Amino acid sequence: MKSPLLLLALLLPLAVAAQAPLKSSEVKQPDGWDRDLALTIPQDLNPDPHILEINLEAVIKEMEIVPGKKTKVWTYNGTLPGPLIKANVGDRLIVHFKNSLPMATSIHWHGLRVPNDMDGVPGMTQPMVEPGQTFTYDFVLPDAGTFWYHPHVDSAAQVGYGLYGALIVNDPNEPKIPGDELVLVFSDMSIDDNGELLGPKEGGRFGDLFGREGTVVLVNGKVLPTLTVRQGKQQRWRVINASRTRYFTLRYKRSPLVIVGSDGGLIEKSRTVDEIKLVPAERHDFVFTPPDAPNSEGVFKWYPTDRGFGSTYNRLAEDIMKIKTVNEPRVTPDPVPEQLRTIVPIDTRGAKEREMNLTIGYDRDDNVSMGINGVNYKDAPPIMAKVGTTEVWTIRNDTDFNHPFHLHGFFFQEVTPANGVMQWKDTIDVPQHTQKKIVVKFDDRPGMWMYHCHILDHADVGMMGHLHLIN
Ligand code: C2O
Ligand code: CU
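What you see is a predicted model; the values in this text were computed from it and never measured.

Participant: Help me get a handle on unusual backbone geometry, residues and values and all.
Facilitator: Following leucine 80, the chain continues to proline 81 via a peptide bond in cis, the omega torsion being -10 degrees. Not every positive phi belongs to a glycine, and leucine 224 is a case in point at roughly 50 degrees. Judged by its relative accessible area of 30%, leucine 224 is partly exposed.

Participant: Describe the side chain of threonine 359, with residues and values.
Facilitator: Assignment of secondary structure puts threonine 359 in strand β20 (residues 352-362). Within the structure, the side chain of threonine 359 is placed 2.9 Å from the backbone nitrogen of glycine 374, a separation counted as a polar contact. In this structure, threonine 359 is in contact with Ser369, Met370, Gly371, Ile372, Asn373, Gly374, Val375, Thr399 and Met463, ignoring residues within four places of it in sequence.

Participant: Give a description of the pairing of strand β17 (residues 283-288) that names residues and reports values.
Facilitator: With six of six residues buried, β17 is to be regarded as a mostly interior element. The alternating pattern of β17 places Arg283, Asp285 and Val287 and His284, Phe286 and Phe288 on opposite faces, both of which are buried. Sheet topology note: the strand β12 (residues 235-241)/β17 ladder contains six bridges and is antiparallel. The partner of arginine 236 across the bridge, within β17, is valine 287. Pairing analysis gives four bridges linking strand β14 (residues 257-262) to β17, with the strands arranged antiparallel. Bridged to glycine 261 within β17 is aspartate 285.

Participant: Residue-level account of the coordination of the copper ion (ligand 2), with values.
Facilitator: At this site the copper ion (ligand 2) is bound by His403 (ND1), Cys453 (SG) and His458 (ND1), with donor distances of 2.0 to 2.1 Å. Between consecutive donor residues of the copper ion (ligand 2), the sequence gaps follow H-x49-C-x4-H. With a gap of 55 residues between them, histidine 403 in strand β24 (residues 403-407) and histidine 458 in helix α4 (residues 456-460) connect regions that are remote in the sequence. Judged by its relative accessible area of 0%, histidine 403 falls in the buried class. Residue histidine 458 is classed as buried on the basis of its relative accessible area, which comes to 0%.

Participant: Can you lay out the domain arrangement of the protein chain for me, pointing to particular residues and giving the numbers?
Facilitator: Domain parsing of the protein chain yields domain 1 (35-170), domain 2 (180-325) and domain 3 (352-470). Taking only C-alpha atoms, the centre of domain 1 and the centre of domain 2 are 21 Å apart. Summed over both partners, the interface of domain 1 with domain 2 buries about 2,800 Å², with 64% contributed by carbon and sulfur atoms. The largest per-residue losses of area from domain 1 upon contact with domain 2 belong to Asp36, Leu37 and Thr146, which jointly make up 25% of the total buried on that side. Counting across the domain 1 and domain 2 interface gives one salt bridge. With a shortest N-O distance of 3.1 Å, glutamate 181 and lysine 86 are connected by a salt bridge. Remark: the boundary between domain 1 and domain 2 carries 14 residue pairs in polar contact (both at pLDDT 80 or more). Sorting the residues of the side of domain 1 that touches domain 2 by element identifies β2 (71-76), β7 (145-150), α2 (155-160) and β8 (165-170) as the ones contributing at least two each.

Participant: Can you explain the nonpolar core? Please cite residues and give values.
Facilitator: If you look at the biggest cluster of nonpolar residues, it comprises 53 residues, and the most contacted ones within it are Leu93, Phe97, Trp109, Tyr137 and Leu167. Counting 34 residues, the second-largest nonpolar core is a separate cluster that includes Leu182, Leu227, Ile267 and Val421.

Participant: Now, about the pattern of salt bridges: what can you tell me, with residues and values included?
Facilitator: Two side chains that carry opposite charge are able to pair once their charged atoms sit near each other. The full count for this structure, using the stated rule, is 33 salt bridges. In this structure, a network of salt bridges that share partners links the residues Asp188, Glu213, Arg246, Arg307, Arg315 and Glu318.

Participant: So what's going on with the side chain of aspartate 426? Residues and values would help.
Facilitator: Here aspartate 426 lies in the loop between β25 (413-414) and β26 (427-430). When sequence neighbours within four positions are dropped, the list of residues in contact with aspartate 426 reads His110, Gly111, Asp263, Arg283, Phe405, His406, Leu407, Phe410, Phe411 and Phe412.

Participant: So what's going on with the environment of phenylalanine 405? Which residues, and what values?
Facilitator: Secondary-structure assignment places phenylalanine 405 in strand β24. By relative accessible area, which is 1% here, phenylalanine 405 ends up buried. Distance from phenylalanine 405 to alanine 58, taken between C-alpha atoms, is 27 Å for residues 347 residues apart in sequence. Excluding anything up to four places from it in sequence, phenylalanine 405 contacts Leu358, Trp393, Ile395, Phe412, Asp426, Thr427, Ile428, Val430, Ile438, Tyr451 and His452.

Participant: Report on the pairing of strand β13 (residues 248-251), specifying residues and quantitative values.
Facilitator: Taking every second residue as pointing to the same face, both faces of β13 are buried, with Phe248 and Leu250 on one and Thr249 and Arg251 on the other. Bridge count between β13 and strand β16 (residues 276-278): three bridges; the pairing is antiparallel. Following the sheet pairing, threonine 249 is matched in β16 by lysine 277. Note: β13 against strand β18 (residues 296-302), two bridges, orientation antiparallel. In the strand pairing of β18, arginine 251 is matched with lysine 301.

Participant: Help me get a handle on the packing of aromatic side chains, residues and values and all.
Facilitator: In total, this model carries 21 aromatic pairs according to the counting rule given. On the numbers, 5.5 Å between centres and 40 degrees between planes, the contact of tryptophan 109 with tyrosine 149 is tilted. Within this pair, whereas tryptophan 109 is found in strand β5 (residues 108-110), its partner tyrosine 149 is found in strand β7, the two being separated by 40 residues in sequence. Under the relative-accessibility criterion, tryptophan 109 is labelled buried at 0%. With a centroid separation of 5.4 Å and 90 degrees between ring planes, the pair formed by tryptophan 237 and phenylalanine 300 is classed as edge-to-face. Taken as a pair, tryptophan 237 in strand β12 and phenylalanine 300 in strand β18 lie far apart in primary sequence, 63 residues in all. For tryptophan 237, a relative accessible area of 0% translates into the label buried.

The rules behind these values
Residues numbered from 1 in each chain as written. Chains lettered and ligands numbered in written order. Predicted model: local features only at pLDDT ≥ 70, side-chain atom pairs only at ≥ 80, totals over all residues. Heavy atoms only, no water. Buried < 20%, exposed > 50% of the residue type's maximum accessible area, 1.4 Å probe, protein only. Helix = DSSP H or I, 4+ residues; strand = E, 2+ residues; numbered from the N terminus. Polar contact = N/O pair within 3.5 Å; in protein donor to acceptor, adjacent residues only side chain to side chain. Contact = heavy atoms within 4.5 Å. Pairing = 2+ DSSP bridges. Donors = N, O, S within 2.8 Å, 3.2 Å for Na, K, Ca; no water. Domains from an automatic or database assignment. Buried area = accessible area lost by both parts, 1.4 Å probe. Salt bridge = Lys/Arg side-chain N within 4 Å of Asp/Glu carboxyl O. Core = buried A, V, L, I, M, F, W, Y, C linked by side-chain atoms within 4.5 Å. Phe/Tyr/Trp six-rings, centres within 6.5 Å; stacked < 30°, edge-to-face > 60°.

Put into structure tokens, the structure is as follows:
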């Protein structure tokens, strides 16, 4: 007869093997994990696999954003955010755009290196798209990354009313990042007690100065949606700040997030952080590893972010997304590659230097008048530059508010990159009473290109300029 001890010795390895956790890549996300958050995929009208051809209509749609209240939201194709445009690098995108709003509009493809006449700035790169009119956008997607689209007419009002959508460009040759993709568009909206949108000039002068933050925070157009996760099962979050003014600092119990991408695709090296910081128009990609024990619930929160005078005064953290961990055993996360890409610093020798001083003043009628180097956009002549040249811009901010600076059409680098990690940017925060130095090389796409503060209320009162790029 075998001894019970021997039997145990024989069975033990089996028991251990049965308990070894599976790897993240070996299991699926829980059923309905992104049900609250999935964005609408538009119908592709073109059979060519390398052409994505879609219809996009700007139209007002009544929706229930705040429970029990009806709000007339400005949308693309009736969804908030607009449809998720998703393609591969090198694909051609054709968008048949129709304006069914009561107001003129356009579409700007934020961060994309499009030909100048596709950049969506009426009066500068294309005619205004008046109510009832159409315009066809047609261009090749030159870079992989997380991008977005929004109007470039009365943008504080129109973006604030809901006109924005995500545009994701994948590169099948990039190093494999673990986790299932989830696009998260963070924004906010100003809705009154009757469910009506507040006027775009709400708060008058103070609103212009401070920028207008919405009364509700939205994640993919929803108030406090639920994300369902499994402990250890990774997700790749592509996050976009589509709000007109609000800065986002987001945390989930200080649990680690691995940052892998920025405005212009993958960053050079992945880096672990414990919060997401996102200024208006900025994007980042993260690998999120759900930390909680099976069968539990937590809340992902927005934290007050100091972006200048009074911006955190009397404000508390806000709940923005529920994280529900399913009752399944934990899985082991897969490693995130450290080296992601090589980004060669732009050679600054011989570069033209410019100073862009972001300024706030008042006009004769005592209205807030913002500008660059003291000149309001409506009085500003374009700056001139030549195709193929490199420029170093010192963006100075002596004001009491932060300003997220955005350049259309070109990626830039910080001369001294933050955290020592090389990355391509198109929007960069310039905190109050500091300066940032960026370097940009102009490729062969002549035309008029805008640059401005992406607090859209600031852009609207003049913190904007344009660059005339010539051959
Ligand atoms: Cu999203 Cu002129 O910018
Ligand atoms: Cu600003």
